[in-house]
Every structure is written in C-alpha cells, then in structure tokens.
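A closer look at the structure
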Amino acid sequence: MTKNQPNPAAATRHLPNPPTGRGLDVLEMLAAGYLLLPVFVFVLGWLKLPYALPLAGAMLPACLLVWRARQRNSAGQPGFSKAELAGVAALTVLWVSLSGLTDGFFLNRDWTTRMSLLRDLVVGSWPASYGQQEGADLILRVPLGYYMVPALAGKLSSLHGARVMLWIWTALGTALFLYLVVGARPERQRGAWRTALLIAVFFSGMDIVGWLMLDRPALGIGRHIEWWLGWGQLSSNSTQLFWVPNHCLPGWLAAVIAWRHRQHGLAAIPAALILLGVIFWAPLVAMGLLPMLLWCVWQRQGWQGLAKESLSLPLWALLPVTLVIWRFFTMGVRPIEGGTQELLMQVVGFVLLSLVEWVLLAWAVMRGGERPALLVIGLLELVVLPWMSYGPGNDLLMRGSIPALTILMLCTIDAWHTALPLRRTIITLLLLVGSVTPLLEIQRALQPGDRYLHEHEDFVQVNGKPWHYLAPLSRPDVRALVKQPQAMPRQ
C-alpha cells in the first residue's frame, strides 16, 4: 500500500471492539438483522426523504461495528449436524403452516385484524390513512415490525404475494428461533435437539388444571383454554405463534440471544440494536426484555466498562430513530392503569395464575440445579406483571411475559438434559400436563373454518376504529416527519 492510498482499516478504527465473547455470532446476527430490517423499511418508506436518509444512515455505523466484532461461535457450540438442520426446517414448515397461514388450516379470529392491516399496507399509500378525525389525518399507528417486509413484497407483486411472504417471513423468524435454541447448549448430547424442539413446541403452563379448578365449560375439540382465569393469561409457545407471531417472534429471538450470552455478557451496541428492533415490533415485549438486556450488558465488565461502552458514538447515533419510533407509536396511547379488581380477588387470582403457570415448573428446574440471573429476573417479572393492567385484553401481562417465559423454557431444556432421574421425571410430568394447551391449539388448526379474505374492505370497514391501532396525526413533530397521508382507496 502506497503512502497516498487510503487505508480501509483506518476508516473504522474509531469503532471500538467489544471484549471477546460479547459480540454476536453469525446466527445471532441473522436474528438481529431479521428484527432490524423492518425498521429500515419503515424509515425509508414512511418518512420524508430529507429525514429518512439521515436516520437510516445513522444506524449503519452500529450495524458495521456488530459485523466487524462478530464471533465464530460466541456460545462455544459446535456446528449443526445434517439431522439438526433438516429437523428444524421440517418442524418450522409444519408448525407455521398449522398457524393457519397456509390454506387448509384454521385461521384464528385475531387474524381478521392482521390480514386487513396487511391488505391496507399493500393497497394504500404509506402512511396508511383513513380520512380525518379531530381535525387531523387518522392513520395506522401500530407496531409494524411484523408487517413491513411482507407489505413491501406485496407492493412489488400483489396482495396474494404479500400473504405468501407473510408465511415465509413468519417461517424465517421461527426457524431462526429454533436454530438458536438447538445451538444454545455448548455440549450437546446426540439426539438432544429432538427433546429441545419438543419442549419448544409444547411448552406451556398447566392451563388445564386452572380450567378444571374453576369449573369452566366442558372441553371440546380445539377449545382455547388459556383465559381460564378470566383477566389474563400466560400463553403457550404454540398459542403465541398461532395467534400473535408479531409479538412472540421478537420476544423469542431477543430472549434466546440474551440467554446465549448469559456467561460472557453482551456488548452495548448489539444489545441496543436488538432492543430497537423489538421496540419496533412489540413495545410491550420490549418492556419485559429491557431488564434482561441491561443485565447482559453489565455482566462481567463492571460499571467502568459499562460507562465506556455507553459513550460510544455509534450507540448514541441510534437515539434519533428510537425517538422517532417512540413518538410515532405513542400517539393517542392511553396510560397504564392499575388493576380494578378487589384486592382479595386479585391476590387469589395471582396465586392461582402463578402456581398453575410457572411456579411449580420453576421450582423443579431450579431445585438442585443452577439459578441463572436471567431466570431470576424473568421470574421477578412474572411476579410483578399480573399486578399491572394495560390494553383491551391485559396485553401487558400477555406480551411483557414472553421473554421471561422463553428464559424459563430454555432453563427447562437445560435442566431436563442435566437433571437426575427423579427431577427429570417431575419436569417431564409438569410439561406433559402443560402440553394439553398446545395440543388443543393444534386440534383447532385441523378443523374446517372460513378463511379470512375481505379483499375489498379496509381496516376501518372490518374492525372499526380501535384506539390501539389508529390515532389522529396530531403531533406536529411526527406530522413534519412522515409523508403526506392519502386516504385509503375504497372499492
């Protein structure tokens, strides 16, 4: 290299390298990229170019740093065998198809909202608008991470293409999660991946016990039993995938990445990128994830190292786009409220919910085994969340608990493989009782039912104007940033 030639390394020399083991490996980077790609689509598709280009460009240095600091195998795990690769791929196709995104399987009623939302993102302009309300444009204001890539594919093809891409996009996130789970243990016994996948698919609290205790209606084929308590639920993995993949996929991916870094910790910049992606997908899930990521960043570097990483310029460059997303998604959002039940009924409900859903399994997992800090954090969240209420269906409890339940699942997988026979038997029995819930969900997927189409009706015509999906474009700063709304075409 001559004196006048540029040195490529010098151009990025100011970017700090995280300590060994604190960066993401290639599989984890794919998961982080999966969470972040919709952010780029939103910024470049919904905002005016003078704002979109600088905001998108500000995220690139952090992404470049994570790529440069990548680890070959940060968890020390061996590569995947052909059986593991094929097994995860086959399970992904089957599990995601059973969700109803493939013709021939039942599609749960919540998809009426999601499919109409996807339809409007394809046929309408961005931002999606529905005329005037309170003197301002009424726009779609909902976490969009799950929809942006399929909607972009639909704009480049057709509404049918968007639906096909929605299946592909869901399958991609599910496969990344399952591969991360299978590869999370540094020492894997032969065939252990099969048990890990079985636990992942059938992991659930013992809803059937609560259903029978409270004398609910008789069980039928495919009955949804997770609302047995009446005011909240902790959802099984299959329930989450079949009903709310927009919430569970970011929670699953981020939690398993944190779990894989529970020993060496995680550098601040990849943690911030992951959190940004989760906020864009599911803000309530991000609330449950935040304590876990903070602990991972602090882990094994102390306050001095944390302060040094926190002053990194690429980290601070993520703040503007985070603020824009936060301002956009909180327009018209109602404050969190406390529970409205009588104290005695709330205490009884909390005890029942905890015992049935997680306490017994957590006791079996932790008894005589390790007690990872991430599990302790997750269990504390499961103690706190039932005392808060937010959203039409107590969404804060259902969605905020996803990272904690994922950590409990990962601990259960580890405990099952390392426990003595008696403890393994107890864990197995608890899992078998809990498996009734996902089995009922799968039963319903196999029942005949109408497919949602509503090809010629927009979101408002199908769903009305729910506050948690729509809001007037009333904030001057957000109105200045986004493109000029155009009312949804009516057919």
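Residues numbered from 1 in each chain as written. Predicted model: local features only at pLDDT ≥ 70, side-chain atom pairs only at ≥ 80, totals over all residues. Heavy atoms only, no water.

**Here's the deal with the overall build of the protein chain**
Each helix and strand in the protein chain was counted, giving 24 helices and six strands. Since a compact globule built from 491 residues should have a radius of gyration of about 23 Å, the 23 Å found for the protein chain is in line with a globular shape. A principal-axis box enclosing the C-alpha atoms of the protein chain has dimensions of 70 × 60 × 45 Å. The proportion of buried residues among the 491 residues of the protein chain is 58%. (Helix = DSSP H or I, 4+ residues; strand = E, 2+ residues; numbered from the N terminus. Rg over C-alpha atoms; globule rule 2.2 N^0.38 Å. Buried < 20%, exposed > 50% of the residue type's maximum accessible area, 1.4 Å probe, protein only.)

**Digging into the nonpolar core**
One recurring pattern in soluble globular proteins: nonpolar side chains tend to sit buried together. Counting 167 residues, the largest nonpolar core has Leu-144 and Ile-274 as its most contacted members. When residues no more than four places from it in sequence are discounted, the contact partners of Leu-144 are Phe-42, Trp-46, Leu-117, Leu-121, Phe-280 and Phe-329. (Core = buried A, V, L, I, M, F, W, Y, C linked by side-chain atoms within 4.5 Å. Contact = heavy atoms within 4.5 Å.)

**Examining the packing of helix H5 (residues 111-123) against helix H7 (residues 159-182)**
H7 packs onto H5 with a crossing angle of 125° between their chain directions and a minimal axis gap of 10 Å. The orientation of H5 with respect to H7, classified from their angle, is oblique. The element H5 and its partner H7 pack so that their crossing is right-handed. Contact residues: Trp-111, Met-115, Leu-118, Arg-119 and Val-122 in H5; Leu-159, Ala-162, Arg-163 and Leu-166 in H7. Per-class residue counts for the contact of H5 with H7 are seven nonpolar, no polar and two charged. (Axes fitted to C-alpha atoms, helices over the stretch in contact; angles between N-to-C directions. Parallel < 35°, antiparallel > 145°, perpendicular 65-115°, else oblique. Left-handed = near helix turned anticlockwise from the far one by under 90°. Nonpolar A, V, L, I, M, F, W, Y, C, P; charged D, E, K, R; others polar.)

**A short note on the pairing of strand E1 (residues 128-133)**
With two bridges connecting them, E1 and strand E6 (residues 486-487) associate as parallel partners. Each bridged residue has a counterpart across the sheet, and for Ser-129 the counterpart in E6 is Ala-487. Sheet analysis places E1 next to strand E2 (residues 136-140), joined by three bridges and oriented antiparallel. Paired with Ser-129 across the two strands is Ile-139, which belongs to E2. In this structure, the hairpin formed by E1 and E2 is closed by a connection of two residues, where Glu-134 is found at a positive phi of approximately 55°. (Pairing = 2+ DSSP bridges.)

**Section: the sheet that holds strand E5 (residues 470-472)**
Pairing is mixed in the open sheet, where four strands are placed in the order E5-E2-E1-E6. Every interior strand has two partners, whereas the edge strands, E5 and E6, have only one.

**Re the confidence of the model for the protein chain**
The share of residues in the protein chain with pLDDT of 70 or more is 91%, and the mean pLDDT across the chain is 89. Across residues 1-19, confidence stays below pLDDT 50; counting only partners more than four residues off in sequence or on other chains, it has 20 contacts. (pLDDT = per-residue confidence, 0-100.)

**Digging into the environment of Arg-444**
With respect to the helices and strands, the residue Arg-444 is situated in helix H22 (residues 436-445). A residue is classified by how much of its surface remains accessible, and Arg-444, at 11% relative accessible area, is buried. Taking the C-alpha atoms as reference points, Arg-444 and Phe-105, 339 residues apart in sequence, are found 8.6 Å from one another. Those residues in contact with Arg-444 that lie beyond four places of it in its chain are Phe-106, Asn-108, Gly-222, Arg-223, His-224 and Trp-243. A distance of 2.6 Å separates a polar atom in the side chain of Arg-444 from the backbone oxygen of Gly-222. (Polar contact = N/O pair within 3.5 Å; in protein donor to acceptor, adjacent residues only side chain to side chain.)

**So, the side chain of Asn-394**
Here Asn-394 is to be found in the loop between strand E4 (388-389) and helix H19 (395-400). Polar contacts involving the side chain of Asn-394 include one to the main-chain carbonyl oxygen of Trp-231, which spans 2.9 Å. Setting aside chain neighbours within four positions, we find Asn-394 in contact with Trp-231, Gly-232, Met-388 and Ser-389.

**Topic: the packing of aromatic side chains**
One pass over the structure, following the stated rule, counts 20 aromatic pairs. Each ring, one from Phe-42 and one from Phe-329, has its centre 6.3 Å from the other, and the planes form 40°; the classification is tilted. Of this pair, Phe-42 sits in helix H2 (residues 26-46) while Phe-329 sits in helix H16 (residues 319-329), placing them 287 residues apart in sequence. With a centroid separation of 6.2 Å and an interplanar angle of 20°, the aromatic rings of Trp-169 and Trp-281 are classed as stacked. Pair noted here: Trp-169 is in helix H7 and Trp-281 is in helix H12 (residues 268-281), with a separation of 112 residues, a long-range link. Note on accessibility: Trp-169 and Trp-281 belong to one class, buried. Here the aromatic cluster, defined as three or more aromatic residues joined through ring pairs, consists of Tyr-34, Trp-111, Tyr-146, Tyr-147, Trp-169 and Trp-281. Above the face of the Trp-67 ring, Arg-70 is positioned so that its terminal group lies 3.9 Å from the ring centre. Above the plane of the ring of Trp-259 lies Arg-262, whose end atom (NZ or CZ) is 3.9 Å from the centre. (Phe/Tyr/Trp six-rings, centres within 6.5 Å; stacked < 30°, edge-to-face > 60°. Lys NZ or Arg CZ within 6 Å of the ring centre and 35° of its normal.)

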